[in-house]
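Examining the three-dimensional arrangement
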Amino acid sequence: MTGARPTAPSLALRHPPHGLRELPWGEPLEGWHASAAPLVELNVGPSRHLVRFVAVADEVYAVKQLPRRLAVHEDAVLVRLGATVLPCVRPGGYVLLPGDDALLVTRYLTDSWQLRAALARVGAEHRHALLGLMLDLLVEAHGIGLLWGDCSLANTLLRRDGRQLRAYLVDVETSELQDRLTDGQREQDVGIAVENTAGALLDLAAAAGRGRDTEALLREAVALGDRYDRRWQGRTALAKHRSAGQDGAIRTGGMTARATQALVALGPDLARLTPGGR
Ligand SMILES: Nc1ncnc2c1ncn2[C@@H]1O[C@H](COP(=O)(O)OP(=O)(O)OP(=O)(O)O)[C@@H](O)[C@H]1O
Ligand SMILES: [Mg+2]
């Protein structure tokens with residue numbers, strides 16, 4: 001499927017509902033028009049690749065254009081993650097385009113907010129707790145052997161699940177799923193998270209006219225390393241008492257408590273996180 005270059009779009013969609021195959025796959029994604037595709041305009045913020053959203057059969061799908069090698073890889077990782085309990089977006093397959101690109105299709109995570117967009121909307125008093133949810137997700141990912149590769153505020157989605165606010169993973173373009181990770185691999189992944197977070201927090205502050213907070217924000221980003229270590233140690237201690245499930249899943253009581261507290265703490269501010277980042 002991935003070897004020969006197609007001369008027309010080649011669809012590898014998983015259980016497509018009526019209407020998905022019929023999208024204008026032969027047209028450049030950037031030129032898709034509402035007259036030919038049921039587009040949904042969601043302002044999710046800047047991303048490296050072009051991502052557009054379509055509503056088909058009562059469901060919204062994200063369509064992302066990227067090099068075919070990355071699209072096929074990302075789809076395969078998402079399929080494997082679907083067999084684990086890690087909270088992440090669900091794969092819908094891909095479409096190979098003539099040339100080197102492909103369109104990756106994922107099911108839109110309904111009622112979710114990008115962590116970056118959420119931090120732009122709520123007060124600084126919520127930042128510590130919301131960043132903690134991203135760290136819990138990173139710990140869970142490492143626990144099942146996933147080297148995320150690009151943990152960031154933009155690649156973390158938040159969603160209310162009952163009485164908890166949980167973080168979900170989106171964007172596994174550069175991720176690798178292995179049996180288990182070495183300490184060095186985890187350390188490297190945490191370093192990427194710290195660096196990405198530092199950059200994003202500075203960007204958000206500059207956009208909000210709070211450029212003076214630089215040092216405090218950098219300290220907060222760097223502190224993520226220690227916060228991650230404490231979480232990982234908690235998980236390791238728990239694992240000694242309880243054997244992990246087949247997928248390596250262990251969610252500590254601390255994670256659950258933090259997810260519940262984060263929702264309670266947001267209180268009325270929850271309403272400011274409009275679904276879909278609109
Ligand atoms: N299935 C989905 N459900 C909800 N939101 C999504 C989904 N897919 C993409 N998004 C939104 O679109 C944004 C961009 O998607 P994605 O991160 O996959 O693109 P990217 O170009 O690879 O990003 P990056 O700039 O991090 O490389 C995400 O941060 C998220 O807000
Ligand atoms: Mg991304």
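Just so you know, the residues in each chain are numbered from 1, in the order the chain's sequence is written. Whichever chain is written first becomes A and whichever ligand is written first becomes 1, with later ones labelled in order. Under the rules for a predicted model, residues below a pLDDT of 70 receive no local features and side-chain atom pairs below 80 are neither given nor counted, while totals for whole chains, interfaces and linings still include all residues.

Every one of the 21 residues lining ligand 1 counts as a neighbour, but Ser-47, Arg-48, His-49, Ala-62 and Asp-171 are closest to it. Secondary structure elements are taken from DSSP: a helix is a run of H or I of four residues or more, a strand is a run of E of two residues or more, and numbering for both begins at the N terminus. When residues of the shell around ligand 1 are traced back to their parent elements, those giving at least two are β4 (59-67), β6 (101-107) and β7 (112-114). Its residues assigned to classes, the shell around ligand 1 shows 9 nonpolar, 6 polar and 6 charged. Being near a molecule or strand means, for a residue, that its backbone-placed C-beta atom lies within 6 Å of it. Just so you know the grouping, Ala, Val, Leu, Ile, Met, Phe, Trp, Tyr, Cys and Pro go in nonpolar, Asp, Glu, Lys and Arg go in charged, and all remaining residues, Gly too, go in polar.

For the protein, the domain assignment lists domain 1 (10-107) and domain 2 (112-272). Computed from C-alpha atoms alone, the centre-to-centre distance between domain 1 and domain 2 is 25 Å. Each partner contributes to the interface: domain 1 provides 16 residues, whereas domain 2 provides 20 residues. For the side of domain 1 that touches domain 2, the element with the most residues is helix α1 (residues 68-82), which contributes 5 residues. Taken together, the residues of the side of domain 1 that touches domain 2 break down into 11 nonpolar, 3 polar and 2 charged. What marks off one domain from the next here is an automatic or database domain assignment. We call two residues in contact when the distance between their C-beta atoms, placed using the backbone, is within 7 Å.

In this section: the pairing of β4. In this sheet, β4 lies alongside strand β3 (residues 51-56) in antiparallel orientation, the contact comprising 6 bridges. Looking across to β4, one finds that Phe-53 is bridged to Ala-62. By the convention used here, strands pair only if DSSP detects at least 2 bridges between them. The hairpin turn running from β3 into β4, its antiparallel successor, is 2 residues long, and Ala-57 in that turn takes a positive phi close to 50 degrees. Here β4 pairs with β6 via 7 bridges, running antiparallel. Bridge pairing in β6 places Tyr-61 opposite Arg-107.

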